[in-house]
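What follows is each chain in one-letter form.
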Amino acid sequence: MQTLASSVTKSETPKVCRRENPDRPPTTPEAAVSESKERFRRFVKRSADAVAMVDCEMRYLSVSRRWETDWGFGCGEAIGRSHWELFPNLPEYWQQNARACLAGVLEYSEFVTGRSPVSVAEEIEGCGGRSVKWVFQPWKNSSGAIGGLLLFAEKIAEDIAQTNCYNKFTSNFKSPQLETALQLTQIALDNAADTVFFTTSDGRICYANKAASDLFGYSESELLNMRINDLNSQLSVSNWPEHWEELKQHTNLTFQTTYKTQDGGRFPVEVKVNYLEYGGCEYRCAIARNISDRQAAESGLLEAKEQLQAVLDAVPGLVSWVSSDLRYLGVNRHLAAAYQMPAELFAGQKVGFLDTSPKFNDLVYDFFSSDQKKTSQEVITNIRGEKKTYLIVAQKYHKNTAAVFVGLDITESKQSLLALQESEERLRQQAAKLEQALLILQQTQTQLIQTEKMSSLGQLVAGIAHEINNPVSFISGNVSHATGYIQELLRSIELYQKHYPDPVPEIQDWMEELDLDFIKKDLPKLLNSMKVGSERIRDVVRSLRLFSRTDEALMKPADIHECLDSTVLILQNRLQAKGGRPGINLIKEYGDLPRVRCYAGQLNQVFMHLLTNAIDALEEGGRNPEKYGTMQSQSLLSGGGSGTETFNPEIRIRTCVLGENEVAIAISDNGPGMTEEVLRCIFDPLFTTKCQDTSTGLGLAISQHLVVEKHGGKLHCVSRPGEGTELIVKIAIGND
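A few points on the structure. Treat the numbers as computed from the prediction; the structure is a model and nothing was measured. (Residues numbered from 1 in each chain as written. Predicted model: local features only at pLDDT ≥ 70, side-chain atom pairs only at ≥ 80, totals over all residues. Heavy atoms only, no water.)

1. A short note on the nonpolar core
General note: in soluble globular proteins, nonpolar side chains tend to be found buried as a group.
For step 1, the next point in the chain: Counting residues in hydrophobic clusters, the biggest one holds 40 residues, and the most contacted among them are Ile560 and Ile651.
For step 2, the next point in the chain: Only helix H19 (560-570), strand E18 (596-598), helix H21 (600-623), strand E19 (650-658), strand E20 (662-669), helix H23 (699-710), strand E21 (714-719) and strand E22 (725-732) provide two or more residues apiece to this core.
For step 3, the next point in the chain: For this core, the leading source of residues is H21, giving ten residues.
For step 4, the next point in the chain: Setting aside residues up to four positions removed in sequence, isoleucine 651 forms contacts with Ile584, Asn585, Leu586, Ile587, Leu611, Ala614, Ile615, Leu618, Ile667, Ser668 and Asp669.
For step 5, the next point in the chain: Of all hydrophobic cores here, the second largest spans 37 residues; its members include Val54, Met58, Cys206 and Cys285. (Core = buried A, V, L, I, M, F, W, Y, C linked by side-chain atoms within 4.5 Å. Buried < 20%, exposed > 50% of the residue type's maximum accessible area, 1.4 Å probe, protein only. Helix = DSSP H or I, 4+ residues; strand = E, 2+ residues; numbered from the N terminus. Contact = heavy atoms within 4.5 Å.)

Put into structure tokens, the structure is as follows:
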């Protein structure tokens, strides 16, 4: 049996090793090609072991005394008789191996038969046989032809029959390497954890390992006397031929069946069978594994899978699980229903086979190529022609070899959020527009108030100027006449004194009392002072009329310098020294400016506010001398300067032409200056650093509005703490 278990084809059959010493014990004979039949007879007869020699017809030529004793034959009783007559119960494979050796197909054969009575003598005595180990080998005559077989038989104990397949006799016929390999193979089969059966073509068990005995509850010898249908009711005698033909056709089969034990128990097994040919005989090698635990585990796994599937089907979203080779392992019913496909069709398909969401495909590819354990991303997909937005949440499992992807439909919430964002944006825009409108309204209101004030002031100034102008005109117009008349009177007095040097005493006394000489000298001076005063009043009235400009509602060419001078004249009183403050030195650095097309009255307001702020800053510096700064004689409009420091309050007015069609007016002071924080707010309406009782905080806001909005110009401020302030107005010249 060992040779059958370890050798499958003829080329694997072990060769007989020749011996140098023919006198060694017969348990290790060699096939001597040149020995005669007689020598073999003597060899067999003298052997101490159970050895027999038969011819090609299996008739006995010689037997050893041990053979006759072991098998119950009398002296010489077997000679000339047929082996099949003396041993009628040998299995079919025994006969097949014998015929193969006689035909020269096998050079050697070795196997173990079961415990049933083998010889006729054992049957007559009624004793149960023991397991028998058979070895036979062809012997050749002097011409080299096969003359018959040398048979070796040894009754062995049951445990030896299961484990010891090489006795002393057989070991002498093999090489050490082959013997070791065969022993290891036999031991591996005998001690395998799985059940191993060898059966003949008629279904008889000819080999069973220890695992089979333990599993079924039969001894090894009992199994060798059974058929496979005794253990597997599904392989009955009637359907065995069909199974055998199928096995021969496919060479190997794998199937599941049920085996039964000696006590009537049943258990499921997975069987792998192979078709083998050896020594001209056909065999079925079956390796069976008890799968009770596996089926229980599979049942539990199936139940868990069904529970998981039920949970995933209950998830209100699209769920899929994908392997790292980017193929679907499964999907829930919602995803299958969304694409109107059976869920089973997804298994094994490549991600992206539906070609509905390239972004989802990219998400799967990127997720498996990264080290992330979980991720989430919004994906837009096309489901039955309808675009939907899903929030995909992914989580890896099974040591990052697979991942589950859950997609929640956020289309409606996304649309709601988008609508909310659009509504918020519209509200923000409306709020910004309202805020802008409110700012414009405030500025307009401020401008209207200021315009109304200036209009009222202009009307008042115009009325006052008109009322003053009339009597002043009378005075200035009559002063010249009065001067002439007085000169004539004084000339008359001089003539009287010349021609009447000695007047009467009364006249002399009166002239002495009048101090006529003083009057003659002072009266012309008095008249001249009156003339200068009237002219001064006329200039003031003219400046007031120029400043108010009540008759100029349209842009007209104007003299910027004239506007500046009229404004300075009105503020002349504030430039004078008072309250412990020295007088403010006003320096005019006028450039050659053309007439500028503008609203002259509005520019006068701007100049008034800028000069007023400069005077207020210098008065503040006068009250706080420690805040006095250094006046830079070089401004942004001048190309150079001495940089001389002065500690007297000073205001500089510079004008120049910039480029081809722009003029600039810079008004600077050497006051305390401003910080960056204050500088950022100076043009805001109602912002002021002065006392609320003396300032409205509208001057610079109105000035910026008039320069930027009304004239399309620029109003720029440069200031640093301790270095004074400079405000620059830039406007276009326009067409004259």
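2. A few points about the packing of aromatic side chains
For step 1, the next point in the chain: Here the structure, examined in full by the defined rule, presents 27 aromatic pairs.
For step 2, the next point in the chain: Seen in terms of ring centroids, phenylalanine 197 and tyrosine 259 are 6.3 Å apart; in terms of plane orientation they differ by 85°. Their pairing is edge-to-face. One end of the pair, phenylalanine 197, is in strand E6 (residues 195-200); the other, tyrosine 259, is in strand E8 (residues 252-260), and 62 residues separate them in sequence. An identical accessibility class is assigned to phenylalanine 197 and tyrosine 259; each is buried. (Phe/Tyr/Trp six-rings, centres within 6.5 Å; stacked < 30°, edge-to-face > 60°.)

3. Description of the environment of asparagine 141
For step 1, the next point in the chain: Topologically, asparagine 141 is positioned in the loop between strand E4 (131-140) and strand E5 (146-156).
For step 2, the next point in the chain: Given a relative accessible area of 25%, asparagine 141 falls into the partly exposed group.
For step 3, the next point in the chain: C-alpha of asparagine 141 to C-alpha of phenylalanine 40: the two residues are 101 residues apart in sequence and 9.4 Å apart in space.

4. Side note on the pairing of strand E10 (residues 281-290)
In summary, the side chains of a regular strand alternate between the two faces of the sheet.
For step 1, the next point in the chain: Across six bridges, E6 lies against E10 in antiparallel orientation. Among the inter-strand pairings, phenylalanine 198 is bridged to a residue of E10, identified as cysteine 285.
For step 2, the next point in the chain: Note that strand E9 (residues 266-278) and E10 share ten bridges and pair antiparallel. When the sheet's bridge partners are listed, valine 269 is paired in E10 with asparagine 290.
For step 3, the next point in the chain: Between the antiparallel neighbours E9 and E10 lie two residues, among them glycine 279 with a positive phi of about 60°. (Pairing = 2+ DSSP bridges.)

5. Description of empty space enclosed by the protein
For step 1, the next point in the chain: One pass over the structure, following the stated rule, counts five cavities of 30 Å³ or more.
For step 2, the next point in the chain: The computed volume of the largest cavity comes to approximately 270 Å³.
For step 3, the next point in the chain: Lining the largest cavity are 21 residues, with Tyr328, Leu335, Tyr339, Phe360 and Thr381 positioned closest to its centre.
For step 4, the next point in the chain: If you list the elements that add at least two residues to the lining of the largest cavity, you get strand E11 (318-323), helix H15 (358-369), strand E13 (374-383), strand E14 (386-397) and strand E15 (402-409). (1 Å grid on protein atoms, 1.4 Å probe; cavity = no way out; pocket = protein on both sides within 12 Å on 5 of 7 lines; lining within 4 Å. Points joined across faces, edges and corners; volume = space filled by probe spheres on them.)

6. Observations regarding a negative patch on the surface
For step 1, the next point in the chain: On the surface, a cluster of negative charge is contributed by Glu506, Asp509, Glu512 and Glu513.
For step 2, the next point in the chain: Relative to the assigned elements, glutamate 506 resides in helix H17 (residues 505-514).
For step 3, the next point in the chain: On the accessibility criterion, glutamate 506 (66% relative accessible area) is exposed. (Patch = residues over 30% accessible without salt bridge, like charges linked within 9 Å, V, L, I, M, F, W, Y side chains within 5 Å. Areas by Shrake-Rupley, 256 points an atom, 1.4 Å probe, with all protein chains shown as cover. Salt bridge = Lys/Arg side-chain N within 4 Å of Asp/Glu carboxyl O. Lys, Arg positive; Asp, Glu negative; His and termini not counted. Charge placed at Lys NZ, Arg CZ, Asp CG, Glu CD.)

7. Section: H15
Residues spaced three or four apart along an α-helix face the same direction, because each turn holds 3.6 residues.
For step 1, the next point in the chain: Over its twelve residues, H15 runs 17 Å from end to end, which matches the ideal 16 Å to within 8%, given 1.5 Å per residue.
For step 2, the next point in the chain: Taken together, the buried positions of H15 are Phe360, Asn361, Leu363, Val364, Phe367 and Phe368. Buried residues of H15, viewed axially, fall in a sector of 160°; they line one side. Of the exposed residues in H15, the ones pointing more than 90 degrees away from its buried face are Pro358, Asp366 and Ser369. (Expected span 1.5 Å × (residues − 1). Arc of directions from axis to C-beta.)

8. Focus on the side chain of serine 109
For step 1, the next point in the chain: Mapped onto the elements, serine 109 comes out in strand E3 (residues 109-113).
For step 2, the next point in the chain: In this structure the side chain of serine 109 is engaged in a polar contact, spanning 3.0 Å, whose partner is the side chain of asparagine 97.
For step 3, the next point in the chain: Serine 109 has contacts with Asn97, Cys101, Trp134, Val135 and Phe136, leaving out every residue within four places of it along the chain. (Polar contact = N/O pair within 3.5 Å; in protein donor to acceptor, adjacent residues only side chain to side chain.)

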